[in-house]
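Each chain is listed here by its residues.
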Amino acid sequence: MLIIDCPNCGPRPETEYGYGGQAHVAYPEDPHALTDEEWAQYLFYRDNPKGDYAERWVHSAGCRKWFNAVRDTRTYEISAVYRTGETRSETQKGA
Amino acid sequence: MNQRELPEHPDFLWANPEPKRSYDVVIVGAGGHGLATAYYLASKHGITNVAVLERGWIAGGNMARNTTIIRSNYLWDESAAIYEHSLKLWENLEEELGYDVFFSQRGVLNLAHTLQDVRDSVRRVEANRLNGVDAEWVDPQQVKELCPIINVGDDIRYPVMGGTYQPRAGIAKHDWVAWGYARRASELGVDIIQNCEVTGFVIDGGRVTGVETSRGRINAGKVALCAAGHTSVLSELAGFRVPIQSHPLQALVSELHEIIHPTVVMSNHVHVYVSQAHKGELVMGAGIDSYNGYGQRGSFHVIEHQMSAAVELFPAFSRAHLLRTWGGIVDVTMDASPVMGRSPVDGMYVNCGWGTGGFKAVPGAGFAYAHTIATDEPHELNRGFGLDRFVSGALIDEHGAAAVAH
């Protein structure tokens with residue numbers, strides 16, 4: 001089981017969390033301008049890297065807040081956690 | 001044959017040639033799908049100048065890690081068509097390949113534990129029958145008759161309220177399936193090349209002309225991806241994305257036991273599926289781990305969850321010892337249906353997104369994919385499964401509908 005370091009509550013077991021998939025996928029700025037192909041990309045396509053992945057978790061059994069983590073999808077090691085609204089680079093210097 | 005007697009371990013049954021400079025078709029990935037595709041390309045379409053490239057050894061990925069359940073009781077027409085075609089091919093596979101694959105049509109029970117489960121199950125039975133798939137609704141007493149070790153009492157958290165039964169469904173021995181396809185493909189002239197990792201694609205004017213590998217460049221008229229959970233890694237190299245997420249899916253076996261479990265039991269609601277392998281291990285699986293992962297392992301609480309469901313349904317299992325757990329990397333799409341067809345690169349084809357259910361599809365997917373590659377057009381069986389459905393919105397939403405949540 002993963003131990004995930006919630007930015008608000010500290011390290012807790014994975015069973016307290018829910019997974020939210022890829023982080024930093026913004027809602028389209030002008031939805032009316034999107035082609036069907038662009039909608040398909042927004043709705044159905046996500047990055048699926050073998051390596052570092054910026055992803056969302058929610059601490060359902062704790063503070064109930066969403067936050068972001070950078071996790072290696074090969075080793076499952078989490079190298080950074082940061083609050084929603086912060087960018088990955090602010091937290092993860094040089095990574 | 002006694003269920004527990006297997007023939008002697010076969011000798012090597014395929015050649016291990018050095019890669020040639022070029023092939024008409026290069027298949028990337030020598031799992032069940034890749035090997036079956038090569039076999040049907042050679043046997044049905046006369047295309048024998050084919051290489052199947054494999055980064056590790058044949059059938060060492062999900063083909064070695066699945067729980068071998070074979071069934072075709074899917075809800076939607078497109079799914080029922082391809083899985084039922086696959087099941088029909090399974091029924092004649094030993095004869096066709098001239099090789100034992102231990103296909104055992106012991107039936108699959110999909111249990112219902114809530115009123116909504118009951119409604120969904122009955123609906124699926126009717127849909128299956130309309131599509132020519134054998135299916136029946138069975139009440140708790142009939143469940144008990146089909147599988148005496150199930151607890152059908154009403155004093156458990158989620159009592160068994162009935163189930164659907166597909167008598168023609170069953171299991172097979174995964175390794176032997178791969179060996180059978182590899183042997184026949186090799187006999188027909190296909191080169192199976194192990195320890196050969198694809199590291200890039202040669203694309204000229206939007207058309208693929210070859211692959212870069214750990215053993216040098218190999219030119220190819222056509223390139224067909226068959227890499228399951230690693231498809232995204234490959235498609236990125238070719239410059240396009242596929243709508244899949246790779247997740248760990250865990251399974252486990254117990255120590256050997258007397259043969260006590262006559263069928264295959266799946267439960268969507270409490271979430272476990274169980275059969276008993278020919279030698280006597282109880283084979284179980286459940287849902288995917290929530291997070292993306294390429295690690296071929298998952299988190300133990302997922303195992304605990306499925307074991308608690310299994311022990312409640314099968315009280316006899318409480319004394320069984322866990323022998324081994326493992327994980328595969330499954331390629332899950334948003335609608336829990338596979339992707340098969342042409343890719344954005346000319347001459348390159350994708351077959352992925354089979355998620356947690358790819359083993360049962362090995363013959364049917366290989367058959368349809370070979371047609372797609374040979375003719376550059378989808379077969380009737382995979383026309384609905386192209387990448388274009390994500391643009392048109394014509395999804396084939398088997399999430400939860402297909403008798404088990406993915």
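The coordinates are above.
Residues numbered from 1 in each chain as written. Chains lettered and ligands numbered in written order. Predicted model: local features only at pLDDT ≥ 70, side-chain atom pairs only at ≥ 80, totals over all residues. Heavy atoms only, no water.

So, the overall build of chain A
Heads up, the condition is: Only DSSP runs of H or I covering at least 4 residues are called helices, and only runs of E covering at least 2 are called strands; the numbering of each starts at the N terminus. Only protein chains enter the calculation, and the probe is 1.4 Å; a residue is then buried if its accessible area is under 20% of its type maximum, exposed if over 50%, and partly exposed in between. Contacts between residues were defined by any pair of non-hydrogen atoms, one from each residue, lying within 4.5 Å. Reported accessibility uses the Shrake-Rupley method at a 1.4 Å probe radius. Residues are deemed covered only where the shown protein chains occlude them. His is not counted, nor are the chain ends; Lys and Arg add positive charge and Asp and Glu add negative charge. Taken as the charge centre is NZ of Lys, CZ of Arg, CG of Asp or CD of Glu, depending on the residue.
Along the backbone of chain A there are two helices and six strands. In chain A, the succession of helices and strands from N to C terminus is β-β-β-α-β-β-β-α. Looking at chain A residue by residue over its 95 residues, the buried ones come to 40%. Long-range pairs, those at least 24 residues apart, make up 42% of the contacts in chain A with a sequence separation of at least 6. Here chain A displays about 5400 Å² of accessible surface, and carbon together with sulfur accounts for 48% of that area. Averaged over its 11 positive side-chain charges, chain A has a centre that lies 7 Å from the centre of its 15 negative ones.

A closer look at the packing of aromatic side chains
All names here are of chain A. Put simply, the rule is: We call Phe, Tyr and Trp rings a pair once their centres come within 6.5 Å, taking the six-membered ring for Trp, and we label the pair stacked below 30 degrees between planes, edge-to-face above 60, and tilted otherwise. Whether a charge sits over a ring depends on NZ of Lys or CZ of Arg being within 6 Å of the ring centre and within 35 degrees of the ring normal.
Per the counting criterion, the structure on display carries 21 aromatic pairs over all chains. In this arrangement the basic side chain of Arg46 is found over the ring face of Tyr42, its NZ or CZ atom lying 5.8 Å from the centre. Above the ring of Trp66, the side-chain terminus of Arg56 is found at 5.0 Å from the ring centroid.

Concerning the nonpolar core
Across soluble globular proteins, you tend to see nonpolar side chains buried next to one another. All names here are of chain B. Counted only if it meets this: Nonpolar core, defined: a set of buried Ala, Val, Leu, Ile, Met, Phe, Trp, Tyr and Cys residues in which side-chain atoms within 4.5 Å join the residues together.
By size, the foremost hydrophobic cluster in this structure holds 56 residues, and its most contacted members are Ile27, Tyr40, Trp90, Val177 and Tyr181. Aside from chain neighbours lying at most four places away, what touches Ile27 is Gly34, Thr37, Ala38, Leu41, Val50, Ala51, Val52, Leu53, Ala224 and Cys226. Ranked by size, the runner-up nonpolar core spans 31 residues in total, among them Val28, Phe201, Leu225 and Leu234.

A few points about the pattern of salt bridges
Residue and element names in this part refer to chain B. Under the convention used in this document: One speaks of a salt bridge when a side-chain nitrogen belonging to Lys or Arg is within 4 Å of a carboxyl oxygen belonging to Asp or Glu.
In total, this model carries 18 salt bridges over all chains according to the counting rule given. The closest approach of N and O atoms between Glu84 and Lys88, which form a salt bridge, is 3.1 Å. With Glu84 and Lys88 both in helix α2 (residues 77-91), this residue pair falls four residues apart, about one helical turn. Among the ionic pairs, Glu187 bridges to Arg184, the shortest N-O distance being 2.5 Å. In this pair, Glu187 and Arg184 both sit in helix α6 (residues 174-187), three residues apart, roughly one turn of the helix.

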